[in-house]
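# Inside the fold
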Amino acid sequence: MTTTRTVPPPGGTRITGVAGRLLNGRSHQLNEIGLLVAIVALYVALGASAAGFLSVHNQLGILRDAATVGIAAWGVTLVIIAGEIDISIGPATAFSSVLVAKGATEWGLGVGGAIVVTLLLGVVWGAIAGWLRAVFDVPSFITTLGLWSILGGLGLYLTDALPVTLPDSGVFDVLGGDVAGIPTSAIVMLVLFGVFAYVARFTAYGRSVYTIGGNAGAARLAGINLTRIRVLLFATTGLLSAVTGILLAARLGSGSGGAASGLEFDVIAAVVIGGTALSGGRGGMLGTLLGVVFITVIGNGLVLLGVDSFLQNVVRGVIIVGAVLINVVVARRGRAGATA
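Starting afresh in each chain, residues are numbered from 1 along the sequence in its written order. Only residues with pLDDT of 70 or above have their local features reported here, since the model is predicted, and side-chain atom pairs are shown and tallied only from 80 upward, although totals for entire chains, interfaces and linings are computed over all residues. Hydrogen atoms and water are omitted, and side-chain values are computed over all heavy atoms in the structure.

Counting its secondary structure elements, the protein chain contains 13 helices and four strands. Taking the intrachain contacts of the protein chain between residues at least 6 apart in sequence as the baseline, contacts between residues at least 24 apart amount to 78%. The helix count covers DSSP runs of H or I at least four residues long, the strand count covers runs of E at least two residues long, and both are numbered beginning at the N terminus. Contact definition: two residues touch when any of their heavy atoms are within 4.5 Å.

Dropping the structure here:
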């Protein structure tokens, strides 16, 4: 007698078969529609109350800010879908900005060499975190917490907590500027979104990530190499943090160990608001994209409204928790309706 093993579909829960796929699609559609409605409501409210919110200059600024969150969020989406977490994004981004600045100035690597070395080191420290998780079964929260502390400390140590000015370079001008009026970082973000959306939905690697998040034991029995997948996941977030750090340094004209403070929280919030389950096995890139826009618009609107900087975190926190609660309720009702 032979048995068959069902694998959760991309974006799915542990419910299998046709019913599972229908439930999943409906749940995601409700989540994404809810986010779209929330974003439209934010634009209407802020357009009416915040002077200059709808200006072209401000919208381009929103795109730049969204890129800082979004590029790393694509990798973190896959990490969380796999049932893991990466909280090292902020210090990794800051350290990458320091590396590219130091490499291009003091270490004699040149602009191209500094960029390549920074990207490679991003892959290395991410892969080490993934290796510790996969081989020694150290919880990913602990491995990336250690990475958070190490990279944050190194970034400040190498710079004495002072910014390192980038050299004059056409490459940095392009990376920190725009192409045809669109911020370069936003273009990079959208290109990477397309790549990761394809990988998550249409590749064996993407299906493996969802399967591991749904049931790691079943994934192992199905022949999926958990070690390889986990190392690749964290190597990817390391690489994307390095990309974000390079773009941020080019935008600011310097590398700083204190840059990107708290970025990891915005990234994780965007991913969760987008409908990715912290328990793993469910999520998608479109939802994360909408979550990134939602988070970025809130931050921009609070600044334009002149809300006290200390209170901004309070307001954002309340809105984020409220948005997540709404998404959870909508998803549960969607599942209940699909199984009724």
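So, on to the pattern of salt bridges. One side-chain nitrogen of Lys or Arg within 4 Å of one carboxyl oxygen of Asp or Glu is enough to make a salt bridge. Within this structure, the stated rule accounts for five salt bridges. Arg-251 serves as the salt-bridge partner of Asp-65, at 3.0 Å between the closest nitrogen and oxygen. Here Arg-251 lies in helix 10 (residues 226–252) and Asp-65 lies in helix 2 (residues 56–81), a separation of 186 residues in the sequence. Exposure remark for Asp-65: the relative accessible area of 31% places this residue in the partly exposed category. In this structure Arg-251 comes out as partly exposed when scored by relative accessible area, which is 35%. Salt-bridge contacts for Glu-84 lead to Arg-230; the nearest nitrogen and oxygen are separated by 3.3 Å. Of this pair, Glu-84 sits in the loop between helix 2 and helix 3 (89–105) while Arg-230 sits in helix 10; the two residues are 146 residues apart in sequence, bridging distant segments of the chain. In this structure Glu-84 comes out as buried when scored by relative accessible area, which is 5%. What makes Arg-230 buried here is its relative accessible area of 9%. Through salt bridges that share partners, Glu-84, Arg-133, Asp-137 and Arg-230 make up one connected network. Burial classes follow relative accessibility: with a 1.4 Å probe on protein chains only, a residue under 20% of its type's maximum area counts as buried, one over 50% as exposed, and anything between as partly exposed.

The next point concerns empty space enclosed by the protein. Think of a 1 Å grid over just the protein atoms. A cavity is a set of points where a 1.4 Å probe fits yet cannot get out, a pocket is an open set with protein on both sides within 12 Å along at least five of seven lines, and lining residues have an atom within 4 Å of a point. Grid points are joined across faces, edges and corners, and a volume is the space filled by probe spheres set on the points. The tally for this structure, following the rule as stated, stands at one cavity of 30 Å³ or more. In this model, the largest cavity occupies a volume close to 90 Å³. Classes in brief: Ala, Val, Leu, Ile, Met, Phe, Trp, Tyr, Cys and Pro nonpolar; Asp, Glu, Lys and Arg charged; the others, Gly included, polar. In terms of residue class, the lining of the largest cavity is made up of five nonpolar, five polar and two charged.

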